[in-house]
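# An overview of the molecular structure
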Amino acid sequence: MGADARIEELKLELPKAPKPVATYVTANRHGDLLYVSGHGPLKPDGSMYTGKLGAELDLDAGKQAARQVGLAILATLRSHLGTLDKVERLVKTLALVNCTSDFAQQPQVVNGYSDLMRDVFGDAGVGARSALGTNSLPGNIAVEIEAIFQIKD
């Protein structure tokens, strides 16, 4: 089963592919790699999950925010490629979690994103990953994630 069919099977609602909010592109292809810029937790209504993990948000809310970032990234992939079925594999993910200095569950937060990628792409959706905490993100978003995907034509 292809990734587009899995999206339907899982009844996932992708937001509209986000537009750049500064001077950059949302994705840039070089050879068979597609570099996806940092995405926030964009909801279908255009709003974002905001707040700091360990203060306003708990682990479950953080995982939901990370999952929502994944849905926004999937929307960007589909927008750039025409179909998610052109994704060969997820190569690398860098995730930033807006959190208090004593919050230490960044990997568990980012599992919200990683579990979604695995659900959509199977084993090919599990790649290398870094999950870092930071004291601030643009617009006070809860999570920002960038990724590199291998693409097939």
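Reference entry: report on the structure contained in this document. Computed from a prediction, not measured in an experiment: that's the story for all the values here.

Once that is clear, we can look at the sheet that holds strand β2 (residues 33–39). The 5 strands are arranged β1-β2-β5-β3-β4 in an open sheet whose pairing can be described as mixed. Taken across any chain shown, the strands that pair with only one partner, and hence form the sheet edges, are β1 (27–30) and β4 (128–134). Direction aside, the axes of adjacent strands within the sheet are offset by 15° on average. Pairing of strand β3 (residues 87–98) with β4, which is carried by 7 bridges, proceeds in the parallel orientation. The residue of β4 that forms the bridge with leucine 96 is leucine 132. Its contacts with the sheet place helix α2 (residues 59–81) against β1, β2, β3 and β5 (143–151), and it is angled at close to 40° to β5.

Using the criterion set out here, one finds 1 aromatic pair in the structure. Centre to centre, the rings of phenylalanine 121 and phenylalanine 149 are 6.3 Å apart; their planes meet at 55°, and the pair counts as tilted. With phenylalanine 121 in helix α3 (residues 106–121) and phenylalanine 149 in strand β5, the pair connects residues that are 28 residues apart, well separated along the chain. One exposure class covers both phenylalanine 121 and phenylalanine 149, and it is buried. Just above the ring of tyrosine 49 sits the side chain of lysine 43; from NZ or CZ to the centre is 4.4 Å.

What counts as what
Residues numbered from 1 in each chain as written. Predicted model: local features only at pLDDT ≥ 70, side-chain atom pairs only at ≥ 80, totals over all residues. Heavy atoms only, no water. Pairing = 2+ DSSP bridges. Helix = DSSP H or I, 4+ residues; strand = E, 2+ residues; numbered from the N terminus. Axes fitted to C-alpha atoms, helices over the stretch in contact; angles between N-to-C directions. Contact = heavy atoms within 4.5 Å. Phe/Tyr/Trp six-rings, centres within 6.5 Å; stacked < 30°, edge-to-face > 60°. Buried < 20%, exposed > 50% of the residue type's maximum accessible area, 1.4 Å probe, protein only. Lys NZ or Arg CZ within 6 Å of the ring centre and 35° of its normal.

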